[in-house]
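Chain by chain, the residues:
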Amino acid sequence: MKKVHNFNAGPCVLPKEAINASIEALKDFVGTGMSVIEVSHRSKEWQAVMDETVALWKELLNIPEGYQVLFLGGGASTQFYMVPMNFMEKKAAYLETGVWAKKAIKEAKAFGEVVIVASSADTTFNYIPKKYTIPTDADYFHITTNNTIYGTEIREDIDSPIPLIADMSSDIMSRPIDVSKYTLIYGGAQKNVGPAGVTFVIVKESALGKVSRYLPTMVNYKTHIDDGSMFNTPPVFSILVMNETLKWVKRNGGVKVMQQRNEEKAMMLYNEIDRNSMFVGTAEKDSRSIMNVGFVMAEPYKDKEEAFMAFAKERGMVGIKGHRSVGGFRASLYNACPKESVEALVAAMQEFEKLNK
Ligand SMILES: *Cc1c(COP(=O)(O)O)cnc(C)c1O
C-alpha cells in the first residue's frame, strides 16, 4: 500500500490496528462464521460490542454517574436540532465561532429565541471570543469546542451558570475533559474517534424531560437511553470501528497520553509556521487549535501557494488544502496522525523555504 501522510480534516486518519481488526470482523465476527454486518444487532455477540464501547467511553473520559453515552445516526448535524428540541423551552445562548456553530444556531432559531453572546465572524472566525456574558435566563449555553475549519479551539472546560452543551466533533478524546461541567456533549465520530456514520452523545440524564413540546420518538434522547442506542438498527460497522479505535487509545495510555502527543505535534508545526518566513498562521495565537492547524503563504509569497501544495504532495502529504472559506493550508493532527507525518510536513516547509526564498 502507498505510504501517505494523511492530514484530512474528516473523515480522518484512523489507527492501522483499528482498521485491520475491523477488516477481520468484517470477514468473521468473533468466530460466528458471519460478518459483523450480517449478524443480528440483538445477538449477544453484538450486545457485547455495544457494552464494551460504552464502557470504553466512560473509562477514557472518566464520565461520572448520571450520564448516558449514546451512539446515534444522523451526524453532528442532526444534533443541531435535537439539542434545542430537547432542551430549549424559550431561549438559548450560543457562541458563534464558525460555520458549524452558525449551522447549530440556524436550527435552534426554529424552536425559540437564540441569543448570540459573542461572535468572531468579523475576522473570519480566527479567534475564540473571551469576553461575554452568558444570560442566566437562557435554557442552555452552546459552544463548539474546536472549530475544524478555522483552527481555533476552546481548550478548557469553561464555567457556565446555565447548562453547558458542546459540539466536540473534532476534539473529543484529544484531551481529558471534566464531563461534569457539561449537560450534553455531542459530535460526529469521523473526526477523531472513528468513521462516519455514528454520532456520539454524552448526556446528563436528570436534565432531560423538561420541555413541553412533543418530541418525535427518534428525536427524544430518552428513547435512545431506554433502548441502549438500539431503538432502531444501529450503524454496526461504524460502532465497531469506533470500538477498535478507542481500544487503541486505551492501549496507548489513554486520553492524557493523546493530549501530550497532540500538543507535541501541534507545537512542532506551529513553531515551524512561526519560524518560517514564507508562512503565517491563520488563527490568533491564544486561540490556536491542537487538532487543526491553519496557515497561509506570507504576503510576499502569495503566488507560491500552488507550488507548495504540489511540493508537499510529491512528498506524500494528503489533505492539507485549507477550507475554501479560509484558503491556504490546514493540517489536521488528530489522535491517529503520527508524529512522523508532522515531521515530514515540517521538513517539506523547511526545504521549500531553502529553495524559494
Ligand atoms: C464536521 C463537523 C460537524 C458536522 O458533522 P456531521 O457528522 O458531518 O454532521 C459539526 N461540527 C463540527 C465542529 C465539525 O467539525
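What counts, and at which threshold
- Counting of residues starts from 1 at the beginning of each chain's written sequence and follows it residue by residue.
- A pLDDT threshold of at least 70 governs which residues receive local features in this predicted model, and a stricter bar of 80 or more applies before side-chain atom pairs are shown or counted, although totals over entire chains, interfaces and linings include all residues.
- The basis for the side-chain values is all heavy atoms of the structure; hydrogens and waters are excluded.
- Disulfide: a pair of cysteine sulfur atoms within 2.5 Å of each other.
- Note on exposure labels: buried denotes an accessible area under 20% of the residue type's maximum, exposed denotes more than 50%, and partly exposed covers the range between, all computed with a 1.4 Å probe on protein chains only.
- Numbering goes from the N terminus for both helices and strands, where a helix is a DSSP run of H or I of at least four residues and a strand is a run of E of at least two.
- Each pair of strands is called paired provided DSSP finds at least two bridges between the two strands.
- Only C-alpha atoms enter the line fits that serve as axes; for helices the fit covers just the stretch in contact. Angles between N-to-C directions range over 0 to 180 degrees.
- For this analysis, residues touch if any pair of their heavy atoms sits within 4.5 Å.
- Throughout this description, the term nonpolar core refers to a set of buried Ala, Val, Leu, Ile, Met, Phe, Trp, Tyr and Cys residues connected via side-chain atoms within 4.5 Å.
- What a helix is expected to span follows from its residue count: subtract one and scale by 1.5 Å.
- It is the directions from the helix axis to the C-beta atoms that the arc portrays.
- Near, as used in this document, describes a residue that has one of its heavy atoms within 4 Å of the molecule or strand being considered.
- Here a polar contact means two N or O atoms within 3.5 Å. Within protein one must be a hydrogen donor candidate and the other an acceptor candidate, and residues neighboring in sequence count only if both atoms are side-chain atoms.
- Note that accessible areas follow from Shrake-Rupley with a 1.4 Å probe, and for residues the cover is restricted to the protein chains shown.
- All amino acids are sorted into three groups, where Ala, Val, Leu, Ile, Met, Phe, Trp, Tyr, Cys and Pro are nonpolar, Asp, Glu, Lys and Arg are charged, and the leftover types, Gly among them, are polar.

(A) Main features of the state of the cysteines. Tallied over the entire structure, the rule returns 0 disulfides. The closest cysteine sulfur to the non-disulfide-bonded Cys12 is located on Cys337, 9.4 Å from its own sulfur. Since its relative accessible area comes to 10%, Cys12 is described here as buried.

(B) Region of interest: the environment of Lys106. Tracing the backbone shows Lys106 in helix H4 (residues 99-108). Residues Lys106 and Asp51, spaced 55 residues apart in sequence, show a C-alpha to C-alpha distance of 35 Å.

(C) Inspection of the sheet that holds strand E3 (residues 91-96) at higher detail. Across the sheet, 7 strands lie side by side as E2-E10-E9-E8-E5-E3-E4; this open sheet has mixed pairing. Because the sheet does not close on itself, it has two edges, and the strands there are strand E2 (67-72) and strand E4 (113-119). Taking the axes of each pair of neighbouring strands and ignoring which way they run, one obtains an average angle of 20° across the sheet. Note: strand E8 (residues 164-167) against strand E9 (residues 184-188), 3 bridges, orientation parallel. Bridge pairing in E9 links Ile165 to Leu184. Where helix H2 (residues 44-60) meets the sheet, its contacts fall on E2 and strand E10 (199-204), and the angle it forms with E2 comes to roughly 125°. Docked against the sheet, H4 engages E3, E4, strand E5 (141-144), E8 and E9, running at close to 165° with respect to E3.

(D) Here's a closer look at the nonpolar core. By size, the foremost hydrophobic cluster in this structure holds 85 residues, and its most contacted members are Trp46, Trp57, Leu61, Phe141, Ile172, Leu269 and Phe308. Sort the elements by how many residues they give to this core and helix H6 (residues 236-251) lands first, with 7 residues. Aside from chain neighbours lying at most four places away, what touches Leu61 is Ile172, Met173, Arg175, Ile177, Val179, Ile202 and Val255.

(E) Here's a closer look at helix H9 (residues 339-356). For H9, with 18 residues, the first-to-last C-alpha span of 26 Å sits near the 26 Å given by 1.5 Å per residue. Taken together, the buried positions of H9 are Ser341, Val342, Leu345, Val346, Ala348, Met349, Phe352 and Glu353. Across the axial projection of H9, the buried residues extend over an arc of 155°, all falling on one side. Set apart from the buried face of H9 by more than 90 degrees, the exposed residues are Lys354 and Leu355.

(F) A look at the site of the ligand. Near the ligand lie 14 residues; those nearest to it are Ser77, Thr148, Asp167, Gln190 and Lys191. Between the ligand and the protein, one listed contact pairs an oxygen atom with a side-chain N or O atom of Ser77 at 2.6 Å. In the environment of the ligand, an oxygen atom lies 2.6 Å from a nitrogen or oxygen atom belonging to the side chain of Lys191. Against a free-state accessible area of 390 Å², the protein chains account for coverage of 88% of the ligand. Residue contributions to the shell around the ligand peak at 4 residues, all from helix H3 (residues 75-87). Of the residues assigned to the shell around the ligand, the class counts are 3 nonpolar, 9 polar and 2 charged.

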